[in-house]
Amino acid sequence: ISRELTLLSDNPWQLAYLLEMKRIALINKNTKMLDFGTSFDWGGEEAALNKTRSLLLFINLVTIFLVMVIVIFPEPLAKIIAPSFKGEQLASLLFMIRIVAPTFLINQLTQIFISVLNAYNSIYIPEIANFFSGLISLLMIIFLAPVVGILSLVYAYYLSLLLLLVLLLFQLSKFKLG
């Protein structure tokens, strides 16, 4: 190889370039290229949406199962969180776990929907929806706290999550994704 290239050029830069081109040609001729593509590369947007729907179904089923297990059997989780709680303290913790556990599913859905919208360059809508649902949550806490006490936090949190979920679903329906 070097004998052929020496005959072609006396310039060291041109010689280096020609040597590199010869190396690339040899690699291309004597190796098999690996295919690192995914099914999204060949199926387009529809294939990606089908995979996303599959993933959402799987994640939701697993999350529903976990929420059901936590709601039905909160004691093991309570022992991990507060191993020394007994009596009334344990009863209060179990009540809180049962109340908060379903928010895991709703929160999971909202985060996935925000990610899907972000993939479609709809970045501001989820943030604006989140802002307004948070504002409504804050107003609910202010006005409900004197009436129902600490439970106003639960009501406000659920309402803000559900409102955010509805707004995200509405936005997804505009993209014909939901």
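Values in this document were obtained by computation on a predicted structure and should not be read as measured data. (Residues numbered from 1 in each chain as written. Predicted model: local features only at pLDDT ≥ 70, side-chain atom pairs only at ≥ 80, totals over all residues. Heavy atoms only, no water.)

A. Examining the overall build of the chain more closely. Assigned secondary structure in the chain consists of seven helices and zero strands. Listing every helix and strand of the chain by position from the N terminus yields α-α-α-α-α-α-α. Going through the 178 residues of the chain one by one, you find that 24% of them count as buried. Looking at the chain alone, contacts between residues at least 24 apart form 60% of all its contacts between residues at least 6 apart. Accessible surface, the chain: about 13000 Å² in total, of which carbon and sulfur atoms supply 71%. (Helix = DSSP H or I, 4+ residues; strand = E, 2+ residues; numbered from the N terminus. Buried < 20%, exposed > 50% of the residue type's maximum accessible area, 1.4 Å probe, protein only. Contact = heavy atoms within 4.5 Å. Areas by Shrake-Rupley, 256 points an atom, 1.4 Å probe, with all protein chains shown as cover.)

B. Inspection of the side chain of Gln-171 at higher detail. Mapping Gln-171 onto the fold places it in helix α7 (residues 151–174). Dropping the residues within four chain positions of it, Gln-171 is found in contact with Leu-117, Ser-122 and Ile-125.

C. Spotlight on the packing of aromatic side chains. Per the counting criterion, the structure on display carries one aromatic pair. When the centroid spacing of 5.3 Å and the interplanar angle of 70 degrees are considered together, the rings of Phe-131 and Phe-132 count as edge-to-face. Taking relative accessible area as the criterion, Phe-131 reaches 53% and is therefore assigned exposed. (Phe/Tyr/Trp six-rings, centres within 6.5 Å; stacked < 30°, edge-to-face > 60°.)

D. Region of interest: the nonpolar core. Ile-106, Ile-112, Phe-113, Leu-165, Leu-168 and Leu-172 are the most contacted members of the largest nonpolar core, which has 16 residues in total. Every element with two or more residues in this core is listed here: α5 (87–119) and α7. Ranked by the residues each element gives to this core, the list is headed by α5, at eight residues. Apart from the residues lying within four places of it in its own chain, the contact partners of Leu-168 are Thr-110, Phe-113, Ile-114, Leu-117 and Pro-126. (Core = buried A, V, L, I, M, F, W, Y, C linked by side-chain atoms within 4.5 Å.)

E. Region of the structure containing a nonpolar patch on the surface. A cluster of nonpolar side chains, namely Phe-58, Val-62, Ile-64, Phe-65, Leu-66, Met-68, Val-69, Ile-72, Phe-73 and Phe-104, defines an oily patch on the protein surface of about 940 Å² accessible area. Of the residues forming the nonpolar patch, the biggest block, eight residues, is contributed by helix α3 (residues 39–72). Within the secondary structure, Phe-104 sits in helix α5. Classification of Phe-104 as partly exposed rests on a relative accessible area of 37%. (Patch = residues over 30% accessible without salt bridge, like charges linked within 9 Å, V, L, I, M, F, W, Y side chains within 5 Å. Salt bridge = Lys/Arg side-chain N within 4 Å of Asp/Glu carboxyl O.)

F. Main features of the confidence of the model for the chain. Residues at a pLDDT of 70 or more form 81% of the chain, whose mean pLDDT is 80. Within the chain, the element-level pLDDT minimum falls on helix α1 (residues 2–8), averaging 53, and the maximum on helix α4 (residues 75–81), averaging 91. (pLDDT = per-residue confidence, 0-100.)

G. The arrangement of the environment of Met-140 in detail. Tracing the sequence through the fold places Met-140 in helix α6 (residues 124–148). Take Met-140: its relative accessible area is 18%, and that puts it in the buried class. Placed 17 residues apart in sequence, Met-140 and Tyr-157 show a C-alpha to C-alpha distance of 9.2 Å. Excluding anything up to four places from it in sequence, Met-140 contacts Ala-145, Tyr-155, Ala-156 and Leu-159.

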